[in-house]
Amino acid sequence: MRGRILFFMIGALAAVGAVWLFLHPPFRGFLQTVSFHEREYALDIAATDEERALGLGGRESLCDTCGMLFVFEEPGQPGFWMKGMRFSLDIAWLLDDTIVHIERHVPFDDQKTTYRPDMEANQVLEFRAGTLDDVEVGEKV
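Residues numbered from 1 in each chain as written. Predicted model: local features only at pLDDT ≥ 70, side-chain atom pairs only at ≥ 80, totals over all residues. Heavy atoms only, no water.

1. Here's the deal with the pattern of salt bridges
In a structure, side chains of opposite charge can pair up when their charged atoms sit close to one another. Threshold: One speaks of a salt bridge when a side-chain nitrogen belonging to Lys or Arg is within 4 Å of a carboxyl oxygen belonging to Asp or Glu. Secondary structure elements are taken from DSSP: a helix is a run of H or I of four residues or more, a strand is a run of E of two residues or more, and numbering for both begins at the N terminus. Categorising residues by exposure relies on relative accessible area from a 1.4 Å probe, with only protein chains included: less than 20% of the type maximum marks a residue as buried, more than 50% marks it as exposed, and the intermediate range marks it as partly exposed.
Enumeration over the complete set of coordinates arrives at 6 salt bridges. A salt bridge links Asp97 to Lys140; the shortest N-O distance between them is 3.8 Å. Linking Asp97 in the loop between strand 4 (89–95) and strand 5 (98–106) with Lys140 in the segment after strand 6 (121–128), this pair joins segments that are 43 residues apart in sequence. The exposure class of Asp97 is partly exposed, given its relative accessible area of 36%. With a relative accessible area of 53%, Lys140 lands in the exposed category. Each of the salt bridges in this network shares a partner with another, and the network as a whole consists of Asp49, Arg52 and Glu73.

2. Describing the sheet that holds strand 5
Worth spelling out the cut-off: Two strands are counted as paired when DSSP detects at least two bridges linking them. To obtain each axis, a line is fitted to C-alpha atoms, and for helices this fit is confined to the stretch in contact; angles are then taken between N-to-C directions over 0 to 180 degrees.
If you walk across this open sheet you meet the 6 strands as 1-2-3-6-4-5, and the pairing is mixed. Where the open sheet ends on each side, the last strands, each with one partner, are strand 1 (32–36) and strand 5. Each strand axis lies, on average, 30 degrees off the axis of its neighbour in the sheet, ignoring direction. Sheet topology places strand 4 next to strand 5; 6 bridges connect them, and they run antiparallel. Residue pairing for strand 5: Ile91 is matched across the bridge by Glu103.

3. Quick word on the nonpolar core
The following threshold applies: What is meant by a nonpolar core is a set of buried Ala, Val, Leu, Ile, Met, Phe, Trp, Tyr and Cys residues, joined one to another through side-chain atoms within 4.5 Å. We call two residues contacting when some pair of their heavy atoms lies within 4.5 Å.
Membership of the largest hydrophobic core comes to 19 residues, with the highest contact counts inside it found for Leu56, Phe70, Phe80, Leu89, Ile91, Trp93 and Val124. Only strand 3 (66–76), strand 4, strand 5 and strand 6 provide two or more residues apiece to this core. The residues touching Ile91, leaving out its near neighbours within four places in the chain, are Phe80, His101, Ile102, Glu103, Val106, Val124, Leu125, Glu126 and Leu132. Counting 14 residues, the second-largest nonpolar core is a separate cluster that includes Leu43, Ala92, Ile99 and Phe127.

Geometry only, nothing functional implied.
Next up, the structure:
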């Protein structure tokens, strides 16, 4: 009898875990980290056109120490929109390791605005809104 109960409990825990992972899908794999203000963030990388177009769209949430890094082959002024977003973001444009532009608390329901930097950038970081409140343009990451 104890064996059946233990087997049932293990199965129930596995089922709960599977449901949690379905509702809170992990990143495809944290491939990079970035640090600033004595805090480290795990980043999912969007390096292809398809990955950059999707970005964080469709996700329910993002952990406090998670983000997404968008990598571009050539410097430019890449535009970002909130298509498919379910939570607000902070967006930082970088040229190499220096922040050149920040948009803070970009509302998730703004489906019309395209956000662009004033300067050229070759990388973009996205985090949950509020993450970049104490970060300034010109800082190194």
